[in-house]
Each structure stands twice: as C-alpha cells, then as structure tokens.
There are 2 protein chains.
Amino acid sequence: MQPWQWSAHAAATAVARGELRSETLVASCLERIALREPQLQAWAHLDAAAALDQARARDREPRRGPLHGIPIGVKDVIRTADHPTTFNSPIYAGHRPNEDAHAVAVLRASGAVILGKTQTLEFACGGAFPPTRNPWDLERTPGGSSSGSGAAVADGMVPLALGTQTGGSTIRPAAFCGVHGMKPTWGRIPWDGAKGYSPALDTVGLYGRSAADLRLMLQAYALAGGDDPPAPGLGQLRLGVVRTPHWAEAEPQAQAAFERTLALLRQRGVHLAELDWPDGCEAINRWQDEVMQDGGRYAFVPERLSHPALLHAEFKAKLDNHLGLTPQRMRDALDGIARCRMAFERSMEGLHGALGLSAPGVAPLGLHTQGMATFNRMWTALQVPCISLPALWSDAGLPMGLQLIGRRYDDALLLAVAETLDGVLVDPGRRPWN
Amino acid sequence: MQPWQWSAHAAATAVARGELRSETLVASCLERIALREPQLQAWAHLDAAAALDQARARDREPRRGPLHGIPIGVKDVIRTADHPTTFNSPIYAGHRPNEDAHAVAVLRASGAVILGKTQTLEFACGGAFPPTRNPWDLERTPGGSSSGSGAAVADGMVPLALGTQTGGSTIRPAAFCGVHGMKPTWGRIPWDGAKGYSPALDTVGLYGRSAADLRLMLQAYALAGGDDPPAPGLGQLRLGVVRTPHWAEAEPQAQAAFERTLALLRQRGVHLAELDWPDGCEAINRWQDEVMQDGGRYAFVPERLSHPALLHAEFKAKLDNHLGLTPQRMRDALDGIARCRMAFERSMEGLHGALGLSAPGVAPLGLHTQGMATFNRMWTALQVPCISLPALWSDAGLPMGLQLIGRRYDDALLLAVAETLDGVLVDPGRRPWN
C-alpha cells in the first residue's frame, strides 16, 4: 500500500512512532495528485514545493499534536496564510490573505501540513460551479459546495480536508464521494476567517476516510478529548430513525439500502426507534432557505460596492432581497426553527443518535448541478452535529451516505457512535482506486 | 465651531455639498486627538499621515457613498488592511492583517476614512484592560470593552466609530460616555474579520453623536434604506417600558432619571406600556454568561496552541471550561434564551420599541473595572437591536444611557424611533468640551 492510500489515523500513528516521515507521505499524495488531477480537478491552488518544505519542517520538529505531519486540503473559502484564497470568485483572483482562518490555524498548530486549496462553488453559495469531477464516475458531480475536498479525500489525494456547510455543502459531497464527512455543532469550530454567507447556518466541515480520522481533527479543535463518554457497544446502542417529511423524495435505491442497513443493525442488537417528525416542523427546509437567503442580503455588500461588474447576478439577486423577506417572516422562520430544535432533541432523549439519509441518492450526472440538499437543510438549521458514513451503495457501486445525527454539543458522543458503526457498516477498502 | 465638533451627519452633508473638505475634517480631528490623547488614551494605533492621504484621495474622487470623507475609529478587535490589529494582546503585537473586516470594508467602500484603531479590553473578552479614560471624568472608566471607540466619539476625536458587543461592550460605553451606540440585530452586519468570542452573541456595534449619525452607517450596511417605514411622530409613538428582573440593581439616580423621562414622554403624547418580564426568563443573564463562556472554550484554541506563555490566565480558564458546562446545560441555556426571545417579542406586538436603562448608573471610578453589563446581557442573548441615547444624566452631570430596544430585524424602525426621541430627549450640545 502506498502512503497516499493510508487513512489519516494510520498515517498519524506511523508518523508519531517514527515509522513514516511526513515528507514521504506528502510526496506520495503529490504523486497521486499529479496522476489524477487532470481528470478530477479537485484543487484550486497547490504548491508542491511549499508543501514538502512544511513536511520536512514537521519531520525535524518535536510532535506538535494529533495531526503532526498529516497533509490536509482546505476548501478555498477558508483563509490560509500560505496559499491564495479566492472563493472561486473573479473578484479575489490572486488574493493572498496573510492569516490563517481559525479552523486552519488550529490544524497547523496541531502539526498538519496545509497541502493546498480545494475547489468550491463560488463563495460556497452560487454563481460559478467548480470543475471538479466525482472520482467514482467522472461524468457525475462530486456534490458541493465543498466539491474539491470531498473528491480529493475520496480519491486518495489527501487524507483529510476542511469544508463548510450552510445548506448541505459538507455532508452531500461526503455522501456522493463515499467518504466520512462531519458537520459539528454550529459554532463549536469558530467560523473566523472563512467567507460568511448566513451566520446562523455557516459551519466548518471535516472530511476523512474513517471516524477515527475525524477524531484527530475533533481532538485538535478540543471537541473530543480525555473525559468523553465511552463509546457504546453495538448491543448498548440506541438510535433513532429519522426519515423527515422528505422521505418520498429519496431514490428507491437509497431507501432500499437504508432499510437493509437498519435490518443489519437490528440483527446486531442495535435498538432502533422510529422518530416522528415534530408537529409544525414540516416547513423547516423553507425556513432554512429563508435564513440562508437573508444572509446573502448582507454577506456580499462589500463585493457589490467594490466590484459590481464582477459580482454574479445570483449574488445581486440575494442582495436585492429576491424573496421579499420581511422582519416578520424572518422572525417566523427563526422561531419556527428554534421550536423544532427543541422538539427534535426532546424526541432524541435516551438515544445516542439518529440515522437518516445523507442525500436523496447517488451523485447526479453532470457538473452543472451539485445535487439536492433536501436531507441536509433541516440539520443545518437545527445546528445539530451530523456525520455521513459511506455505508450505503447503489447496485451500480456508487456511494450514498448514511447520516448520523446528534443533539447539539454531543459531537464527541456522535463520533464514538460513528466509530462503533464503522466496524459493521463501512468497508474501509471500498475506494475508487480498488 | 471646529470641524471636529461637527456630527457625522452634518459633516457628511457638508462634504457632499462641497462645503467641507475631508482633509480639513480629518486634520481637525487629528488636532483634537493631539490635544486630548495624552489624557484620554483612546487610540491603540493612529497614523496621521495615512489618514490625511485617505482624506485627500476622497476629496479628489467622486462620492463613494453616505460616508464619503468621514473619519471613523475602529475597535482594535476588528481587522483593518491599513493599520495594525492587535486585539490588545501581546500575542498579536505589531500584527498587520492585509484585509479589512466586512464591517470596515463596507464603510471604506462607502467613502469613510479609517482614522485609526481604538483601545479595547484584551480580545474584547478579559485579560488586559485598556488605558482609556472617560472624557467626562478622567478618574472613571469609559466602560468597555469598546472603551476607545466610546471615549473617542464622546470627546470629539472622531465623529463615528465601530465597536463590538458580546455582553454589554457597545451599549455600556455609549451610556458611560454620553454618545449614541447601537447594537444591531445579531448577524445583520457580518462578523467576518473581527476576533470571535461567542458566535451566538458577537455583534458589531456602532457609535455616533446622534441617531442621524447612526443612520449613515446603517445605510452603508444596507440595514436602512429607501423603503423603510416612516418614523412615527411623538403622538403616534407606542413604546414598552422594560425594567427587567434587575431593576433593583440600578442606581437610584438612574431610576429617577428614567422615571422623569417617562413622565416627559407621556406629557408629549407618547403611549407607554409597562412590559412584564416573561415568565421563566429570570435566569436569562446567567444563560447569556454560559453561552459567552462556552464560546471561550473554542475561541482561544489557536492562541493556546501557538503562544501559551502569552495567553492570560483568564482565557486559559475559559478554555478549561471553568464553569464545568455540559452539553445538557448548553442546550438548556440556548433553548431558555430562544423561549424568552419569542415571549419578549410577543409582548412587543403593536409597539414600536421598548425603553429601559443602558447601564445601572454612571461610569464607576477606576480603570480596572468596566462597569456591569446587567442591563445588556439579556438583549445580546436575545439578538435584538438596541440603541443607547444620551438622555439620562446624573445630578453631577455624568451621562447615563436610555436604552431603546426593538424586535429582531426592526433595525430601521428602531433607528426612526431614535431619531424622533432625539428631538425631545437629547441635547446635542451637551458635550465634554462645552
């Protein structure tokens, strides 16, 4: 097995034991990128020499933290001090911030090598699509807006990456690309230094190839650590099943794979409880959209003032309040969401998490779509943690995501549940290169 | 009258008419600063030559927007591309970001001259106090954490300034310094580029010497504009009176001045309705503190990793979860706040706003306190817009603030009410220099 094929967890352990040099790992990832990037187009900016310099510096130093020597990709809406950050916007062509975003600074201080910037939908919001293709089928979208991060981790170009989610931008690419993706509880990884869209929704997202990979990052961010509750074994596990009001919009093959997974878990002793969608919460995806579009009324004011000719019409429509949102509609949307959050979490009492779909099915064909966020919008609005596991597959062998959903602040518990589920639901060898 | 004494609104009108050059205005402010800064110590960074260069560039250009040629001060926790940004932290000594925060970029693109950075409590959170003194009494605090912004605007050093509020950091200095301060609805001025503390609370704040001054900034941020509801006249005005569960903690002179103001408004035809504090909301200030302290568990992770020796023990205590917050306590605090938000706004139906105190009384003596946020924490938690008017005065002639509170998204309405109230409650000539 080549180093680029290693999971972040395996690589971090090997680096810590002195059995793998960061330089070797990074060089191997760069080789994989050189081979695959012409087809995949996952990267917005890459500087091989600088990445190898970082790796050699890590190799010379004492261990900084859990990510020592591990390369990561960073979605190009998150600022980095040593790479351009362009948001896939012509306004920011060549733009070079001189500071890391919070999410990047923590990983760097924990030993990570910032390999490069990954492709994104313009401002993670609209406008220009990224050129990135799905490693399982080059004719399909990898999902978005964290397109490059999802595709790069899936294809072995880099073991870990950062994304963001305002609608479904982290979990959906994880599902379509067959990797692990996590949207932590809103606000627990500070947003500072990422380009904002809608502040009540914007969340930093994480990608890896196992729950153990995600743990490395949660440890760095101080969201998982020594005094966490122990992981429940399969026989102790109590999970909800949450189909949401949108179940009928899922593809039959996704529904069928989901039911097979539930049957398998029941067989292995997992207690499953069907959760009714809370009363009065049917409109939650519309409320999420109103809150998201409202964010666009303010987020792009600087760009409209400074570069009106380079700002895509889609952002201008948002700035012009294309939904005609009023103060009362905003209060109704925000309060509706708050009521559903309380009702959903009440329904989760006594459970370790809940299972649902990460996406309506497989990645759609074409690069001018990113698929639907139907099974993501409500969870982003509720600000609860979600992990997508590559546990559901179509008959044609395309990945679909199983979504694990927790209560706010239960990130460490949810991660432990994901680690337990990985053992029975995820085949770590199922990769585009195998 | 010297240009430094002009309100922003008067100065912006004169600049727009070609009756005042930005260079003249900026030079006058710099003279005022040269005279008063040795006592007041409101500024963290100032570059007179660069400010004059900006002003001359504005004088040569077509009008950019509502703030053309007007100097502003920026709290030194908000990033600026052309000044250092140090957060009053030794970790960031000499730190120079190369980008403006959103809040600054909008003002600059609207024509403002970024005069300099104003003093702040370390990270607007704890640790080191700023050296700033209160222009009404040099032995007293100007309040904080936006200490320099409040003091500089009050003293005529600059007509407008930016602050931030996570507890009471914008409204309290406005009250203690006798200026207008506004905390808009949470999230409507994106936080991007300011140093985060607690994301559900962090709000950009605005300072001026009249409600009309604040309007210039709200226009730039697209929170007030052409299709706003017309300002209700005094006879149409319907206001709540909200004493909160903390009324007994207000100084008798503040209570008395508040009652006199209510009597005057009643006499002028304003309809006033006493609002009961919503049931179950007595603990809201504790919940606010829990949400705020929880933010500190994540906000300073990069600084602890990169510069542990330079991070004040107060931030380390927050990082170590000194309150012992649990996931359930966080959910209880956040949901408790959400319920109170709905109940408070229900009680406001049919009213244009509500009146309360901005602070428990006058600025306390000493520079190692910033006073109490007792009458601010709940409103920050509720994410509602607030404006402090310099309408209450102690017998000794020290300012106390009258706080005007609105429902979320009613920023433009609240501003219109403040403009109406300015006409009867605020003496624009009551300044430290008169």
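The structure we're discussing is the one just above.
Residues numbered from 1 in each chain as written. Chains lettered and ligands numbered in written order. Predicted model: local features only at pLDDT ≥ 70, side-chain atom pairs only at ≥ 80, totals over all residues. Heavy atoms only, no water.

(A) Highlighting the overall build of chain A. Along chain A, the regular secondary structure elements total 14 helices and 11 strands. Here the C-alpha radius of gyration of chain A, 20 Å, is about what a compact globule of 434 residues would show, namely 22 Å. Expressed along its principal axes, the backbone C-alpha trace of chain A runs to roughly 60 × 60 × 40 Å. Burial analysis of chain A (434 residues in total) assigns 67% to the buried set. (Helix = DSSP H or I, 4+ residues; strand = E, 2+ residues; numbered from the N terminus. Rg over C-alpha atoms; globule rule 2.2 N^0.38 Å. Buried < 20%, exposed > 50% of the residue type's maximum accessible area, 1.4 Å probe, protein only.)

(B) Spotlight on the sheet that holds strand β5 (residues 180-183) of chain B. Residue and element names in this part refer to chain B. Here we have 11 strands laid out as an open sheet, ordered β1-β3-β2-β4-β6-β5-β10-β11-β9-β7-β8, and mixed in their pairing. Two strands close off the open sheet at either side, each with one partner strand: β1 (43-46) and β8 (271-274). Adjacent strand axes in the sheet meet at a mean angle of 30° when their direction is disregarded. Looking at chain direction, strand β4 (residues 160-165) and strand β6 (residues 203-208) are connected through five bridges and run antiparallel. What sits directly across from Thr164, in β6, is Val204. (Pairing = 2+ DSSP bridges. Axes fitted to C-alpha atoms, helices over the stretch in contact; angles between N-to-C directions.)

(C) Highlighting the state of the cysteines. Residues and elements named next belong to chain A. Scanning the entire structure with this criterion turns up two disulfides over all chains. Between the sulfur atoms of Cys281 and its disulfide partner Cys340 the distance amounts to 2.1 Å. Its torsion about the S-S bond being -110°, the disulfide of Cys281 and Cys340 is classed as left-handed. On the criterion of sequence distance, the pair formed by Cys281 in the loop between β8 (271-274) and α9 (284-299) and Cys340 in helix α12 (residues 327-347) is long-range, its members being 59 residues apart. Among the residues examined, Cys281 registers a relative accessible area of 2% and is labelled buried. (Disulfide = S-S within 2.5 Å.)

(D) The packing of helix α9 (residues 284-299) of chain B against helix α12 (residues 327-347) of chain B, seen in detail. Residue and element names in this part refer to chain B. Close contact between α9 and α12 brings their axes to 9 Å; oriented N to C, the two are set at 130°. By the angle between their directions, the pair α9 and α12 is classed as oblique. As α9 packs across α12, the resulting crossing turns out to be left-handed. Contacts from Ile284, Trp287, Gln288, Glu290, Val291 and Asp294 of α9 reach α12 at Arg329, Met330, Asp332, Ala333, Leu334, Gly336, Ile337 and Cys340. (Parallel < 35°, antiparallel > 145°, perpendicular 65-115°, else oblique. Left-handed = near helix turned anticlockwise from the far one by under 90°. Contact = heavy atoms within 4.5 Å.)

(E) Just the packing of helix α8 (residues 252-267) of chain B against helix α14 (residues 411-425) of chain B, in detail. All names here are of chain B. For the pair α8 and α14, interaxial distance at closest approach is 11 Å and the crossing angle is 100°. One element, α8, and the other, α14, form an angle in the roughly perpendicular class. Residues Thr261, Leu264 and Leu265 of α8 touch α14, and the partners they reach there are Leu421, Val424 and Leu425. Residue classes in the contact of α8 with α14 are distributed as five nonpolar, one polar and no charged. (Nonpolar A, V, L, I, M, F, W, Y, C, P; charged D, E, K, R; others polar.)

(F) The arrangement of unusual backbone geometry in detail. Residues and elements named next belong to chain A. Looking along the chain, the bond that leaves Gly144 and enters Ser145 is cis, with omega of 5°. Locating Ser145 in the fold gives a position in the loop between β3 (113-118) and α5 (147-154). The backbone of Phe87 sits at a positive phi, close to 60°, despite the residue not being glycine. With respect to the element layout, Phe87 can be found in the loop between β2 (71-75) and α4 (102-109).

(G) Layout of the environment of Pro399 of chain A. Residue and element names in this part refer to chain A. Locating Pro399 in the fold gives a position in strand β11 (residues 399-405). On the basis of relative accessible area, Pro399 is assigned to the buried category, the value being 1%. Placed 238 residues apart in sequence, Pro399 and Ala161 show a C-alpha to C-alpha distance of 19 Å. Not counting residues within four places of it along the chain, the set of residues in contact with Pro399 comprises Trp136, Ala175, Phe176, Cys177, Gly178, Val362, Leu392 and Trp393.

(H) Expanded view of the pattern of salt bridges. In this structure the tally under the stated criterion is 54 salt bridges over all chains. The salt bridge involving Asp410 of chain A is made with Arg331 of chain B; its shortest N-O contact spans 3.4 Å. Taken together, the residues span two chains, with Asp410 of chain A in the loop between β11 and α14 (411-425) and Arg331 of chain B in helix α12. Taken individually, Asp410 of chain A and Arg331 of chain B each receive the classification buried, so the pair is uniform in this respect. Through salt bridges that share partners, Arg21, Glu23, Asp53, Arg56 and Asp59 of chain A make up one connected network. (Salt bridge = Lys/Arg side-chain N within 4 Å of Asp/Glu carboxyl O.)

(I) Spotlight on helix α2 (residues 22-40) of chain A. All names here are of chain A. Taken as a whole, α2 carries its principal kink of about 40° at Ala34; the proline Pro38 stands between one and four residues after it. Considered for burial, the residues of α2 that qualify are Ser22, Leu25, Val26, Ser28, Cys29, Leu30, Arg32, Ile33, Arg36, Glu37 and Leu40. Summarising the contacts, the buried residues of α2 are in contact with α1 (8-16), β1 (43-46), α3 (48-60), β2, β3 and α5. (Bend = angle between axes of the 7 residues up to and from the residue.)

(J) Spotlight on the sheet that holds β8 of chain A. All names here are of chain A. Read from one edge of the open sheet, 11 strands run β1-β3-β2-β4-β6-β5-β10-β11-β9-β7-β8, paired in mixed fashion. Every interior strand has two partners, whereas the edge strands, β1 and β8, have only one. Looking at each pair of strands side by side, their axes are set apart by 30° on average, direction ignored. In this sheet, strand β10 (residues 386-393) lies alongside strand β5 (residues 180-183) in antiparallel orientation, the contact comprising three bridges. Bridge pairing links Gly181 to Ser388 in β10. Lying over the sheet, α2 contacts β1, β2 and β3, oriented at roughly 20° with respect to β3.

(K) Structural context of the relation of the copies chain B and chain A. Note on the copies: chain B fits chain A at an RMSD of 0.0 Å, the axial shift is 0.0 Å, and the rotation between them is 180°. Both copies of the chain, as the preceding transformation shows, are related through a two-fold rotation axis. Looking at chain B, 100% of its interface residues are interface residues in chain A too, so the copies touch through the same face. (Least-squares fit on C-alpha atoms with pLDDT ≥ 70 in both.)

(L) Just the packing of aromatic side chains, in detail. Taken as a whole and judged by the stated rule, the model has 25 aromatic pairs over all chains. An aromatic cluster of three or more residues is present, and its members are Phe87, Tyr92, Phe123, Tyr197, Phe300 and Phe315 of chain A. Here Arg430 of chain A stacks its cationic end above the ring of Trp393 of chain A, 4.0 Å away from the centre of that ring. Over the face of the ring belonging to Phe123 of chain B we find Lys195 of chain B, whose NZ or CZ atom lies 5.3 Å from the ring centre. (Phe/Tyr/Trp six-rings, centres within 6.5 Å; stacked < 30°, edge-to-face > 60°. Lys NZ or Arg CZ within 6 Å of the ring centre and 35° of its normal.)

(M) Spatial organisation of α3 of chain A. For α3 of chain A, spanning 13 residues, the distance from its first C-alpha to its last is 19 Å, which sits close to the expected 18 Å at 1.5 Å a residue. Buried residues belonging to α3 of chain A abut α2, α4 and β3 of chain A. (Expected span 1.5 Å × (residues − 1).)

(N) Seen up close, the interface of chain B and chain A. The interface of chain B with chain A comprises 47 residues on the first partner and 48 residues on the second. Approximately 3800 Å² of surface area, both sides summed, lies buried where chain B meets chain A, with 57% of it carried by carbon and sulfur atoms. Among the residues of chain B in contact with chain A, Tyr298, Arg331 and Tyr409 of chain B are the three that bury the most area, contributing 19% of the side total. Where chain B meets chain A, there are six salt bridges. Here Asp335 of chain B ties to Arg408 of chain A by a salt bridge, and the two come within 2.9 Å at their closest N and O atoms. Among the elements that take part in the side of chain B that touches chain A, α12 of chain B stands out by supplying 11 residues, more than any other. Class assignment for the residues of the side of chain B that touches chain A results in 24 nonpolar, seven polar and 16 charged. (Buried area = accessible area lost by both parts, 1.4 Å probe.)

(O) Region of interest: the pairing of β10 of chain A. All names here are of chain A. The buried fraction of β10 is high, at eight of eight residues. Of the strand pairs in this sheet, β10 and β11 are connected by six bridges, and their pairing is antiparallel. What sits directly across from Trp393, in β11, is Pro399.

(P) Broad picture of the side chain of Asp294 of chain B. Mapped onto the secondary structure, Asp294 of chain B falls in helix α9. Once residues lying within four places of it in the same chain are set aside, the contact partners of Asp294 of chain B are Tyr409 of chain A together with Leu325 and Met330 of chain B.

(Q) Structural context of the environment of Ala309 of chain B. Residue and element names in this part refer to chain B. Examined against the element boundaries, Ala309 turns out to sit in the loop between α10 (301-306) and α11 (313-319). Taking the relative accessible area as the measure of exposure, Ala309 reaches 76% and is therefore exposed. Distance in space between the C-alpha atoms of Ala309 and Ile91 is 9.2 Å, their sequence separation being 218 residues.

(R) Spatial organisation of the side chain of Thr86 of chain B. Residues and elements named next belong to chain B. Residue placement: Thr86 occurs in the loop between β2 (71-75) and α4 (102-109). Given the relative accessible area of 10%, Thr86 is considered buried. When neighbours within four sequence positions are excluded, Thr86 is seen to be in contact with His45, Asp76, Tyr92, Ala93, Gly94 and His95.

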